[in-house]
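# A closer look at the structure
The primary structure of each chain is shown beneath.
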Number of protein chains: 4
Amino acid sequence: MSDGVRSVTIRDCAIGGPEVVVMAGPCAIESREQILGAAEVVAAAGARFLRGGAFKVRTSPASFQGLGWDGWKLLREAADATGLMTVSEILTEEQVEGARRYVDLAQIGSRNMQNVPLLKALGRSRMPVMLKRGFGCTIDEWIHAAEYILNEGNQDVVLCERGIRTFETATRFTLDVAAVPIARKRLGLPVVVDPSHSAGKRDWVESLTLAGIACGGDGLLIETHPDPAKALCDGAQAVELSEFPCLMEKARRVAHAVGRSIPAGARLAAAAC
Amino acid sequence: MSDGVRSVTIRDCAIGGPEVVVMAGPCAIESREQILGAAEVVAAAGARFLRGGAFKVRTSPASFQGLGWDGWKLLREAADATGLMTVSEILTEEQVEGARRYVDLAQIGSRNMQNVPLLKALGRSRMPVMLKRGFGCTIDEWIHAAEYILNEGNQDVVLCERGIRTFETATRFTLDVAAVPIARKRLGLPVVVDPSHSAGKRDWVESLTLAGIACGGDGLLIETHPDPAKALCDGAQAVELSEFPCLMEKARRVAHAVGRSIPAGARLAAAAC
Amino acid sequence: MSDGVRSVTIRDCAIGGPEVVVMAGPCAIESREQILGAAEVVAAAGARFLRGGAFKVRTSPASFQGLGWDGWKLLREAADATGLMTVSEILTEEQVEGARRYVDLAQIGSRNMQNVPLLKALGRSRMPVMLKRGFGCTIDEWIHAAEYILNEGNQDVVLCERGIRTFETATRFTLDVAAVPIARKRLGLPVVVDPSHSAGKRDWVESLTLAGIACGGDGLLIETHPDPAKALCDGAQAVELSEFPCLMEKARRVAHAVGRSIPAGARLAAAAC
Amino acid sequence: MSDGVRSVTIRDCAIGGPEVVVMAGPCAIESREQILGAAEVVAAAGARFLRGGAFKVRTSPASFQGLGWDGWKLLREAADATGLMTVSEILTEEQVEGARRYVDLAQIGSRNMQNVPLLKALGRSRMPVMLKRGFGCTIDEWIHAAEYILNEGNQDVVLCERGIRTFETATRFTLDVAAVPIARKRLGLPVVVDPSHSAGKRDWVESLTLAGIACGGDGLLIETHPDPAKALCDGAQAVELSEFPCLMEKARRVAHAVGRSIPAGARLAAAAC
């Protein structure tokens, strides 16, 4: 972009360029059927990355903790079958080396934004990294966390705004839309927006998706699930797969209005939106 | 709109209908020349309301407190000369009766959102009211505050999201974009977005303006000043008048993308945007 | 005190001197029986002021709004019968003149901290004023609000820290204990602590009461009710009257430990504490 | 204590018993001279643990990152020479095994509160652990984080309230005093209070120290430095060593007032306090 943001290119996809890069899929990988079903729908609707967690950081130890390496194998299989790339969270330094086969964009989660040993390990790895903002952290701290990665020589860093913690409880977190242009300008890195974790409820995901594009977001990270009511993780905020193509069509229109684009989906039912 | 929001109509302008209603002008009315200059530019760019404070609630008693009734006379004169309507903050019950001549849409400021006697007085007055969200208040409390007005029999209530107080200091307040669809759905009233007070700095006003439309805002309340460096109030967040038409053109595109509209301005230089 | 805080003296009671001045009573005045019963217990336990709201600012219009002037008459009667002074919230400029007969210390509530016309009216009145901190306001803004009163020539201003709004929901508000020494030092005014509104639940009132004294609070504002389960307002945070003397005895010990005092109650059952 | 809190005993010291256990020392271990000087003063004033960071998590990579293993050797030496135990932050799973020689109480820092692999590693280690509250985390999340440790079979867990992030900027964080009784009651674990990180400025450390005891804190974690102006880390909030004995004497009085104790120091100059 002409606005001084350096794009991060993975395969043929430049994050930070004219395209608003869509990353979508379930919160957690649960089964081959689930992840493959999600991959087919999101690929057909114009997404470029398949998201899905294999190693989950859950608030409570009683919650589902993910399928681990088996999950990543399923994620890779589903992405390869549908022409998508993968984005998934890495929790420990030990996972970095093995993750290369399965993960195209390594996500550092909100709760690990200031886990310095992990930041440095991914800095040394040269894997493309997406650094989520800590929900209790300022833009300043987020930028400093990115510097821990950049300082190790890894320039392929994408930021992700996913909402901050405020007194408002009607949403799970408050999406800080201003953080998008501020972080882009201050660090010159692309910023992806996650409307799902901030909304916490699928009813508000569409509004936050469109706001995320309008404020200059370089990408979107959206949770979608074939059957949200049965999801093992964060079902309340997952968009139903059947509604995902329509959401993408609306996103496409706003992207166009701000001079950007989202690739046309293969089997879009735009008329219904 | 088909989404269950009841529009509030003032003269020929329906807030909550297909049009995204733009309200613009300086933070404070400072002089005839200033307010008239602002009125001409914002009217030509497609705004419907002229904003300007005459009675200011300032954090410190040492700050400029406004021109009072003389200010309102200038606001009326400038609006009438340019075909605009007026929106301005009312501070006390005593001002309500006299305000009718000058103010078409009575604003209750963020610091007065829970000033119950004032809420009731404007409820009894039957003036159209725009209720700003208290910067420390939840959506629930905002809705209850609106009920104080509605319960007096006044149904012409518009809400205004203007940012909430969070730990982030890069902006003055954090614009809570999710509050727009939530408040619209829960109370069925139109919601205007104020990008200026949340940004606190003009660099981020454009992003928040576009996000405000994308998330479903029924209107915009934007501060603009002929010479922000000399503004007596909140100059840092005022958009220069010379840049306002271009901001409106960008807003128009996003409005169109979400199925709404902003009237074309008379002398728009869209090519430059 | 030798620490530069100017005390505010009402009758024989100096707020900001060696005594930690206790103000206690119900959230709202409900009946003669209720307020008189409360007055007797709190007076006997060492309190100096009887608190009780007659004009309530409630979040929802559906909640009990107070007994109004009749409430103040009952408050005065109960205080006079037990040798207490009165503290109660004033909502409007119109109430100021009439309030003098009933209210010894005029409280400006948290929701009115930036209601400038009310601040100025109480500034002109020369009544002793207790200014509660807005729950969404910084210490800076609180100090500026106090300046609106001081600038009108009224020096009898006491501040009250009552908790701020944060993301934590286990309490109603988060008591900002550091605000006590900071506000005392920056403005040289006494600071009273309200443990009840911040706790929101009576289980935590004792801890916050003792912390409020330990951090340098010049007084305490505590809600207590003969039958909290039946209270018309904020019953969950009211200490039962039967437990109030024991709470005062614990407070007295901490006050003594920091070089201050709380007057001995008449019929204290210290042994039980 | 009779209040249902299970104490954690390290050598002869029970955290969660009648004693308010004081842990003090510099933010970062900088040199033998510095840490030994600090150890002598804090031991003489009644502290039981020497604190000092060897592996620092700093917001910016440009800040001092600690002396590492050499730092821990100096910490051990200084503690052994003065009869103190040690408390220090552990950053990675790899450090756990080696840390046993140097660290008596392993601290999990605020930024690592939800670092699940680290929580589990310390759970398996059976080292006594002090879990600091994440500055952006609720009490609920803090309790769940503790459960990750407890579920691995390690019951020697102490919590530490160190302030949460709010909109107030006069302090670095807002000490949540109510969290002390709430966490103690809900999980039955002792809670230590850190007045230094919340204050961010030494002027307010005394008030927060005393409030921390008054609200029921089972211990204190205080930063003190021989020459705060030259400290490599957080100098602004460090109490000067020369003032530490007096602070302890004041703390002792409040501890006594709430039925607890702090051991008498060897060379206390109580008269000066």
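Residues numbered from 1 in each chain as written. Chains lettered and ligands numbered in written order. Predicted model: local features only at pLDDT ≥ 70, side-chain atom pairs only at ≥ 80, totals over all residues. Heavy atoms only, no water.

Our focus in this paragraph is the relation of the copies chain D and chain B. Note on the copies: chain D fits chain B at an RMSD of 0.0 Å, the axial shift is 0.0 Å, and the rotation between them is 180°. The transformation relating the two chain copies, once decomposed into turn and shift, fits a two-fold axis. Using C-alpha coordinates, one finds that chain D approaches the rotation axis most closely at D:Phe167, a distance of 2.1 Å. A symmetric contact is evident, with 100% of the interface residues of chain D recurring at the interface of chain B. (Least-squares fit on C-alpha atoms with pLDDT ≥ 70 in both. Contact = heavy atoms within 4.5 Å.)

On the chain B side, the residues contacting the 33 residues of chain A number 33 residues. Buried area between chain A and chain B, both sides added, is near 2600 Å², and the carbon and sulfur share of it is 75%. The largest contributions to the chain A side of the interface with chain B come from A:Phe167, A:Glu168 and A:Trp204, which together make up 21% of the buried area. For the interface between chain A and chain B, the tally reads four salt bridges. Between B:Asp203 and A:Lys185 there is a salt bridge; the shortest N-O distance is 3.4 Å. Taken together, the connections running from chain A to chain B amount to eight residue pairs in polar contact (both at pLDDT 80 or more). (Buried area = accessible area lost by both parts, 1.4 Å probe. Salt bridge = Lys/Arg side-chain N within 4 Å of Asp/Glu carboxyl O. Polar contact = N/O pair within 3.5 Å; in protein donor to acceptor, adjacent residues only side chain to side chain.)

Counting residues at the interface gives four residues for chain D, matched by four residues for chain B. Both sides together, the interface formed by chain D and chain B hides about 290 Å², and carbon and sulfur atoms give 85% of it. Broken down residue by residue, the surface that chain D buries against chain B is led by D:Arg165, D:Phe167 and D:Thr169, which jointly contribute 89%. Taken together, the links from chain D to chain B amount to zero residue pairs in polar contact (both at pLDDT 80 or more). Partitioning the side of chain D that touches chain B into residue classes produces one nonpolar, two polar and one charged. (Nonpolar A, V, L, I, M, F, W, Y, C, P; charged D, E, K, R; others polar.)

Our focus in this paragraph is helix H4 (residues 116-125) of chain C. Residue and element names in this part refer to chain C. Most of H4 is tucked away: eight of the ten residues are buried. Along H4, the positions that sit buried rather than exposed are Val-116, Pro-117, Leu-118, Leu-119, Ala-121, Leu-122, Gly-123 and Ser-125. At its buried positions, H4 is contacted by helix H3 (93-99), strand E6 (105-108), strand E7 (129-132) and helix H5 (139-150). (Buried < 20%, exposed > 50% of the residue type's maximum accessible area, 1.4 Å probe, protein only. Helix = DSSP H or I, 4+ residues; strand = E, 2+ residues; numbered from the N terminus.)

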